[in-house]
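# A look at the structure
Letter by letter, the chains look like this.
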Amino acid sequence: MKLTDKIKERRLFRQIKESDKEAFITAYDNYADQIFRFIYFKVNNQEEAQDIASAVFLKAWNHVQNNSLTEAKTLRALFYKIARTSVIDYYRKNSRGSAISLNDSEVEIDPADGSQDALSEIEISSDMEKVQEKLLELKDEYREAIVLKFINGLSTGEIAEITSKSQGNVRITLHRALKALRELMGEEK
Amino acid sequence: MTNQELTKQLNSLSAIKPNQTWKETNREILYSQISNSSTPIIPEKSLNAFLVFLNNAKELVAQPTFVLVSIFLIAFGIVGTRAAYTRPGDSLFIARVISEKAQLAMTFNEEAKTKKEIQFANNHAQEIAQILADENNQAQTEKLASDFKSELNIVKTKIKPIANNTETKPTDNDDAKVFSASVGHDNQGLQISPTEEKATTPSNDPHQMIDEAQTMFDQKDYSGAETKLKEVSTLLNNPTPTPDTSDNATSTK
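Residues numbered from 1 in each chain as written. Chains lettered and ligands numbered in written order. Predicted model: local features only at pLDDT ≥ 70, side-chain atom pairs only at ≥ 80, totals over all residues.

## Examining the overall build of chain A
- Scanning chain A from terminus to terminus reveals 8 helices and 1 strand.
- Starting at the N terminus and walking to the C terminus, you meet the elements of chain A as α-α-α-α-β-α-α-α-α.
- For chain A, the share of sequence-separated contacts (at least 6 apart) that also reach a separation of at least 24 residues comes to 62%. (Helix = DSSP H or I, 4+ residues; strand = E, 2+ residues; numbered from the N terminus. Contact = placed C-beta atoms within 7 Å.)

The structure is reproduced here in structure tokens:
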């Protein structure tokens with residue numbers, strides 16, 4: 001995260017702590033997509049992911065107002081921590097394991113570059129589906145690290161704070177996760 | 001497949017987003033939910049927020065920058081201390097003036113503040129006289145002479161309220177004279193020694209002393225002007241008590 005973005009985020013966090021509703025909605029606009037993505041790659045169901053994401057933001061507001069979860073240094077870390085615990089609660093309620101199947105065609109995929117032709121878009125979509133499929137076959141710890149780092153763009157330090165691990169541990173996990181995913185991708189070939 | 005190719009494909013998955021309709025609807029719902037559960041802002045939170053901001057600012061700023069800023073502040077403090085020993089005309093004299101103004105700002109008692117102002121101005125005037133007496137620098141004479149007059153004007157202006165306060169204070173001496181005159185003395189009258197106001201000895205009036213210093217300065221008697229101003233300083237720091245004429249009242253036969 002750039003320095004200016006960090007400063008903006010901390011200002012936002014401070015305003016939210018002062019019960020600034022507008023600031024919280026701004027935070028929602030900033031983080032809704034990535035929180036949804038994070039949850040989606042855990043539960044692999046768009047509607048469930050949206051429901052859980054809704055609950056995450058409301059819980060985050062209540063936590064901040066009640067001054068709990070004070071160990072969260074940043075607003076983003078707070079949202080992710082709550083998202084993780086919410087997913088765990090979801091698993092307990094639904095008694096589901098981490099095994100998930102890719103059977104959801106309703107997720108919106110918005111290619112970043114709209115100038116590409118139709119054939120390229122299909123190829124991109126196909127590659128994305130392949131990676132997504134293999135990603136879901138990874139164990140939860142590896143998948144979580146990859147989603148946070150390579151899909152949502154968090155730093156190693158941020159991932160360490162969210163997962164309550166050391167940065168070294170996170171780097172090792174990422175290395176092993178990529179290796180495992182590469183092996184899965186290679187199995188098809 | 002290399003790590004780079006794999007990470008590139010993973011990056012492309014950031015295109016996955018929630019349904020926009022859901023996102024907008026949820027925003028409205030969320031806003032109404034937090035509005036219902038909003039708590040009033042506690043004033044202490046603002047102070048905590050400020051402290052948090054300072055802490056965060058310190059974390060955000062790179063350590064070397066923080067060290068540089070600290071060094072700058074320490075250096076400024078050293079310069080400020082060094083400036084206390086500067087004299088009018090020196091390059092750091094402005095720092096001394098700033099320091100004196102800061103001292104005045106921190107003095108809340110009006111009388112003490114006025115006394116400090118007088119002292120500072122008097123010190124400046126003394127130093128100007130000293131510089132001109134020691135260095136005899138013609139290039140600075142005009143400027144320093146102008147500064148000298150400015151400082152004396154400050155002293156005169158500020159000394160008035162204090163002088164008025166001492167002049168208007170009622171004394172018991174007049175009452176004592178009357179008392180002495182009416183009790184147990186014979187009719188040959190009383191002899192009251194002349195008061196010091198009528199004495200021809202050197203004046204204790206600061207205004208007069210300042211005028212004398214100004215005259216000496218104009219006559220280029222810088223040492224004399226400096227000495228006179230030192231007497232003013234001594235007088236201000238140790239004001240002479242008004243003479244008690246009741247003891248001088250004697251009866252003669």
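After presenting the structure, the write-up continues.
## A few points about the overall build of chain B
- Scanning chain B from terminus to terminus reveals 10 helices and 3 strands.
- Listed N to C, the secondary structure of chain B is α-β-α-α-α-α-α-α-α-β-α-α-β in terms of helices and strands.
- In chain B, which comprises 253 residues, the share counted as buried stands at 16%.
- Within chain B, contacts between residues separated by at least 24 positions form 65% of all contacts whose residues are at least 6 apart in sequence. (Buried ≥ 20, exposed ≤ 12 C-beta atoms within 10 Å, placed from the backbone.)

## Some details on the environment of D218(B)
- Position of D218(B) relative to the elements: it lies in helix α9 (residues 206-218).
- In sequence terms D218(B) and A145(B) are 73 residues apart; their C-alpha atoms lie 8.6 Å from each other.

## Focus on the nonpolar core
- In terms of nonpolar packing, the biggest core is built from 48 residues, with I35(A), I39(A), A53(A), V56(A), F79(A), A83(A) and I146(A) touching the most fellow members.
- Within the residue set of this core, elements represented by two or more residues are α1 (3-17), α2 (21-43), α3 (46-65), α4 (75-94), α5 (118-135), α6 (140-151), α7 (156-163) and α8 (167-188) of chain A.
- Here this core takes 12 residues from α2(A), the largest share from any one element.
- Listed in part, the 20 residues of the second largest apolar core include I118(B), I131(B), F148(B) and Y222(B). (Core = buried A, V, L, I, M, F, W, Y, C linked by C-beta atoms within 7 Å.)

## Quick notes on unusual backbone geometry
Residue and element names in this part refer to chain A.
- Of note, N44 is a non-glycine position whose phi angle comes to about 55°, a positive value.
- Among the secondary structure elements, N44 is positioned in the loop between α2 and α3.
- On the basis of neighbour counts, which here come to 18 C-beta atoms within 10 Å, the residue N44 falls in the partly exposed class.
- Here the phi dihedral of S164 falls at roughly 60°; this positive angle occurs in a residue that is not glycine.
- S164 sits in the exposed class, given 10 other C-beta atoms within 10 Å.

## A short note on the environment of Q50(A)
- With respect to the element layout, Q50(A) can be found in helix α3.
- The class for Q50(A) is buried, based on 20 C-beta atoms found within 10 Å.
- Separated by 11 residues in sequence, Q50(A) and I39(A) place their C-alpha atoms 8.3 Å apart.
- Every residue in contact with Q50(A), bar those within four places of it in the chain, is listed here: F36(A), P18(B) and W22(B).

## Some thoughts on the confidence of the model for chain A
Residues and elements named next belong to chain A.
- Per-residue pLDDT for chain A has a mean of 82; in total, 79% of the residues score no lower than 70.
- Of all the helices and strands in chain A, strand β1 (residues 108-109) carries the lowest mean pLDDT, 52, while α6 carries the highest, 95.
- Low pLDDT, under 50, characterises residues 98-106; the stretch is placed with 11 contacts to residues that sit more than four places away or in other chains.
- Throughout residues 111-119 the model reports pLDDT below 50, and contacts reaching past four residues in sequence, or to other chains, amount to 6 contacts. (pLDDT = per-residue confidence, 0-100.)

## Some thoughts on the packing of α3(A) against α4(A)
Residues and elements named next belong to chain A.
- In contact at an axis separation of 9 Å, α3 and α4 are set at 125° when each is read in the N-to-C sense. By the angle between their directions, the pair α3 and α4 is classed as oblique. Considering only the axes of α3 and α4, their crossing is right-handed. Across the interface between the two elements, I52, A55, V56, K59, A60 and H63 of α3 pack against L78, F79, I82, A83, S86, V87 and Y90 of α4.
- Partitioned by chemical class, the residues of the contact of α3 with α4 number 10 nonpolar, 2 polar and 1 charged. (Axes fitted to C-alpha atoms, helices over the stretch in contact; angles between N-to-C directions. Parallel < 35°, antiparallel > 145°, perpendicular 65-115°, else oblique. Left-handed = near helix turned anticlockwise from the far one by under 90°. Nonpolar A, V, L, I, M, F, W, Y, C, P; charged D, E, K, R; others polar.)

## Regarding the packing of α2(A) against α6(A)
All names here are of chain A.
- Orientation of α2 relative to α6, taken along the N-to-C sense of each, is 155°, at an axis distance of 10 Å. The orientation of α2 with respect to α6, classified from their angle, is roughly antiparallel. For the crossing formed where α2 meets α6, the hand is right-handed. For the pair α2 and α6, the contacting residues are R37, F38 and F41 in the first and R143, V147 and I151 in the second.

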